[in-house]
Amino acid sequence: MEGGGRPSALQAALLAAGTALTALFYSMYRQQARLARGLQGARRLRLDAELRAVLLEAPGRCVPYAVIEGAVRAVKETLSSQFVESCRGVVQRLTLQEHKMVWNRTTHLWNDYEKIIHQRTNTTPFDLAPLEDGAGVAVRVMKPLEAAELSLETVHEKFHPSVQSFPDVIGHYISGERPKGIQETEQMLKVGAALTGVGELVLDNNTIRLQPPKQGLRYYLTSADFDALLRKQESRAKLWKILTVVFGFATCVTLFFLLRKQYRHHRERQHLRQMQEEFKQAQERLLREVNAEGGEVLKNACVICLSSSKSCVFLECGHVCSCSQCYRALPEPKKCPICRQPITRVVPLYNS
């Protein structure tokens, strides 16, 4: 705490940072908890002959949040891998990523740095068909790139190291950047892959569509089963909840510490005012007693006891206002009774 009882800049910064982090973690916890509750309330449906009847009976031929598990099946032509023969899919993502070392002037170390310099994603319409062979219906998947947890399998990955001459190496050390190479990656959602979709299920004419849901719910397309997806979201919500509790507790402890310091400072000031009032009343009482006896107050009498002579100088303020006995009786830390500045040194006063 500072001299005026106010918190220091560091304490105020810690309290503000703790409050901001607690609010942030609580916001993330509420969001993840809402997503987990949404998944818990999702309606699990099967890709069978009864699915169309369920949608016909639903209000607006729509199930707002449904879970569908099936196998990927292309509607028209499929996408072929550029690097792997006989590898076909419905979503293809090609990525070129630069790898280099960057000199950190603060830590004086070389740090790895990665940057995507080019990325292209191709899609083709596809359905979710029953996993087992037999009668059933297909569900058309809409806007798959908007889905979270989209599972793409890496079918090709190759690193092309950069070729550097000696002058290039010298130039890289001077510039603070050393290229390592380019990583080439191809990811695909293969035909026949098992996929779990969570979203809005709508019957549009004869087509059943799975599309991004409304009301702030999240759209999922993942290779994991629904139970694993639900456990993952619940664990995320639990993690944010633990962080919220920990940082909230730390913030409350910091606030309690600052309020306790403020209270103690207030009590000290109150006690000091009380002592000053007692000194003032004692002085007035002594003056009344002296006047009642017809005596005179000494010109250089101590301002505290009004009976002994002033016999010491307070430094650094320089006031001459007290006898040595009253100085020793002052409470710690000793302060000048005139200006209330701290007394760092006392010099005896001798009258000739």
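Look up a bit, the structure's there.
Residues numbered from 1 in each chain as written. Predicted model: local features only at pLDDT ≥ 70, side-chain atom pairs only at ≥ 80, totals over all residues. Heavy atoms only, no water.

**Details of the overall build of the chain**
How we decide: Under the DSSP-based scheme used, a helix requires at least four consecutive residues in state H or I and a strand at least two consecutive residues in state E, with every element numbered from the N terminus. A radius of gyration in this sense is built from C-alpha atoms; the matching globule rule multiplies 2.2 Å by the number of residues raised to 0.38. For every residue, the accessible area obtained with a 1.4 Å probe (protein chains only) is divided by the maximum for its type, and the residue is called buried under 20%, exposed over 50%, and partly exposed between those limits. Two residues form a contact once any of their heavy atoms are found within 4.5 Å.
In terms of regular secondary structure, the chain is built from 5 helices and 14 strands. For 352 residues, the compact-globule estimate of 2.2 N^0.38 gives 20 Å, and the chain exceeds it by more than 25% at 40 Å. On the principal axes, the C-alpha backbone points of the chain span a range of 120 × 70 × 25 Å. Every one of the 352 residues in the chain was classed for burial, and the buried ones make up 32%. For the chain, restricting intrachain contacts to residue pairs at least 6 apart in sequence, the fraction spanning at least 24 positions comes to 65%.

**Here we look at a nonpolar patch on the surface**
Note the following rule: Only residues whose relative accessible area exceeds 30% and that form no salt bridge are eligible for patches; like-charged ones are grouped when within 9 Å, while nonpolar side chains (Val, Leu, Ile, Met, Phe, Trp, Tyr) are grouped when within 5 Å. Here the open area of atoms and residues is found with the Shrake-Rupley method and a 1.4 Å probe, where only the protein chains shown may cover a residue. A pairing counts as a salt bridge when a side-chain nitrogen of Lys or Arg comes within 4 Å of a carboxyl oxygen of Asp or Glu.
The grouping of Phe-166, Ile-170 and Ile-174 at the surface amounts to a nonpolar patch, some 360 Å² of accessible area in total. Relative to the elements of secondary structure, Ile-170 occurs in helix 3 (residues 166-175). Residue classification places Ile-170 among the partly exposed positions, given a relative accessible area of 39%.

**What to know about the pattern of salt bridges**
In the structure shown here, the tally under the stated rule is 13 salt bridges. Within this structure, Arg-44, Glu-69 and Asp-227 form a network of salt bridges that share partners.

**Some points on helix 1 (residues 9-40)**
Defined as follows: Here, expected helix span is obtained from the residue count minus one, scaled by 1.5 Å.
An ideal rise of 1.5 Å per residue puts 46 Å on 32 residues; helix 1 measures up with 46 Å between its terminal C-alpha atoms. For helix 1, the set of buried residues is Gln-11, Gly-18, Thr-22, Phe-25, Gln-32, Ala-33, Leu-35, Ala-36, Gly-38 and Leu-39.

**Observations regarding the pairing of strand 11 (residues 207-211)**
Threshold: Should DSSP find at least two bridges between two strands, the strands are regarded as paired.
Of the strand pairs in this sheet, strand 7 (residues 139-141) and strand 11 are connected by 3 bridges, and their pairing is parallel. Bridge pairing links Arg-140 to Arg-209 in strand 11. Relative to strand 11, strand 10 (residues 194-204) is paired through 5 bridges, and the arrangement is antiparallel. Within strand 11, the position partnered with Val-202 by the bridge is Arg-209. Between strand 10 and the antiparallel strand that follows it, strand 11, lie 2 residues; Asn-205 among them carries a positive phi value of about 60°.

**Re the side chain of Thr-185**
Its location among the elements puts Thr-185 in strand 9 (residues 177-190). You can call Thr-185 buried: its relative accessible area is 13%. Leaving out residues up to four positions away in the same chain, Thr-185 has contacts with Arg-93, Leu-94, Thr-95, Thr-154, His-156 and Glu-157.

**Let's talk about the pairing of strand 5 (residues 109-123)**
Here 14 bridges tie strand 4 (residues 88-104) to strand 5, and the two strands are oriented antiparallel to one another. Note that in strand 5 the partner of Val-91 across the bridge is Thr-123. Where strand 4 hands over to strand 5, the hairpin turn is made up of 4 residues, of which His-108 adopts a positive phi near 60°.

**Overview of the nonpolar core**
Under the convention used in this document: By nonpolar core we mean a set of buried residues, namely Ala, Val, Leu, Ile, Met, Phe, Trp, Tyr and Cys, connected to one another through side-chain atoms within 4.5 Å.
Core analysis: the biggest nonpolar cluster contains 27 residues, and Leu-51, Phe-126, Leu-128, Leu-189, Leu-201, Ile-208 and Leu-221 have the highest contact counts within it. If one sorts the elements of this core by residue count, strand 2 (residues 62-74) sits on top with 4 residues. Not counting residues up to four positions away in its chain, the partners in contact with Leu-201 are Leu-45, Leu-51, Leu-55, Arg-61, Cys-62, Val-63, Ala-66, Ile-68, Val-139, Ile-208, Arg-209 and Leu-210.

**Digging into the packing of aromatic side chains**
Worth spelling out the cut-off: We call Phe, Tyr and Trp rings a pair once their centres come within 6.5 Å, taking the six-membered ring for Trp, and we label the pair stacked below 30 degrees between planes, edge-to-face above 60, and tilted otherwise. Either the NZ atom of lysine or the CZ atom of arginine qualifies as a charge over a ring when it sits within 6 Å of the ring centre and within 35 degrees of the ring normal.
Under the definition given, this model contains 6 aromatic pairs. The interplanar angle of 40° and the centroid separation of 6.4 Å between the aromatic rings of Tyr-26 and Tyr-29 together place this pair among those described as tilted. A residue pair is termed a helical-turn pair when its members lie 3 or 4 positions apart in one helix, as Tyr-26 and Tyr-29 do in helix 1 at 3 residues. Among the aromatic residues, those joined into a cluster by ring pairs are Phe-25, Trp-240 and Phe-247. Here the guanidinium or amino end of Arg-178 rests over the ring plane of Trp-110, the centre of that ring lying 4.5 Å away. The ring of Tyr-327 carries Lys-334 above its face, with NZ or CZ at 5.2 Å from the centroid.

**Remarks on the environment of Asn-122**
Tracing the chain through its elements places Asn-122 in strand 5. Residue Asn-122 is classed as partly exposed on the basis of its relative accessible area, which comes to 23%. With residues up to four places along the chain from it excluded, the contact list for Asn-122 reads Leu-79, Val-90, Val-91 and Gln-92.

The quantities given are spatial measurements derived from coordinates; they are silent on function.
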